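# Commentary on secondary and tertiary structure
Letter by letter, the chains look like this.
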Amino acid sequence: MRELRKEEMLKIDGGADPILITAIVTGLITFITGILSGYSNPTKCNN
């Protein structure tokens, strides 16, 4: 195993995609908001 120079380290691709992280966080916020809304303002289903 060898040490990488700074230039070589900057060329390494990988990690999480910011768009994916944003989508996951937005989905979680929407899901939690829906749960809280349903708990605080319950309505019957229209069957």
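Figured I'd write up the structure that's included with this text. Just so it is clear, the structure is predicted and the values come from calculations on it, not from any experiment.

This part is about the overall build of the protein. What the protein contains, in helices and strands, is two helices and zero strands. Its C-alpha atoms give the protein principal-axis dimensions of about 65 × 20 × 15 Å. Looking at the protein as a whole, 0% of its 47 residues are labelled buried. For the protein, the accessible surface area stands at approximately 5100 Å², while carbon and sulfur atoms represent 64% of it. Between the centroid of the 5 positive side chains of the protein and the centroid of its 5 negative side chains there is a distance of 7 Å.

Let's shift gears to the pattern of salt bridges. Tallied over the full model, the rule gives two salt bridges. The partner of Arg-2 in a salt bridge is Glu-8, and the shortest N-O contact between them spans 3.3 Å. Close ionic contact of Arg-5 with Glu-7 constitutes a salt bridge, the shortest N to O distance being 3.6 Å.

Here we come to a nonpolar patch on the surface. Taken together, the side chains of Leu-20, Ile-24, Leu-28, Phe-31, Ile-32, Ile-35 and Leu-36 define a hydrophobic patch exposed on the protein surface, amounting to about 720 Å² of accessible area. On the secondary structure map, Ile-24 appears in helix H2 (residues 18–40). Residue class for Ile-24 comes out partly exposed when judged on its relative accessible area of 48%.

Calculation notes
- Residues numbered from 1 in each chain as written.
- Predicted model: local features only at pLDDT ≥ 70, side-chain atom pairs only at ≥ 80, totals over all residues.
- Heavy atoms only, no water.
- Helix = DSSP H or I, 4+ residues; strand = E, 2+ residues; numbered from the N terminus.
- Buried < 20%, exposed > 50% of the residue type's maximum accessible area, 1.4 Å probe, protein only.
- Areas by Shrake-Rupley, 256 points an atom, 1.4 Å probe, with all protein chains shown as cover.
- Lys, Arg positive; Asp, Glu negative; His and termini not counted.
- Charge placed at Lys NZ, Arg CZ, Asp CG, Glu CD.
- Salt bridge = Lys/Arg side-chain N within 4 Å of Asp/Glu carboxyl O.
- Patch = residues over 30% accessible without salt bridge, like charges linked within 9 Å, V, L, I, M, F, W, Y side chains within 5 Å.

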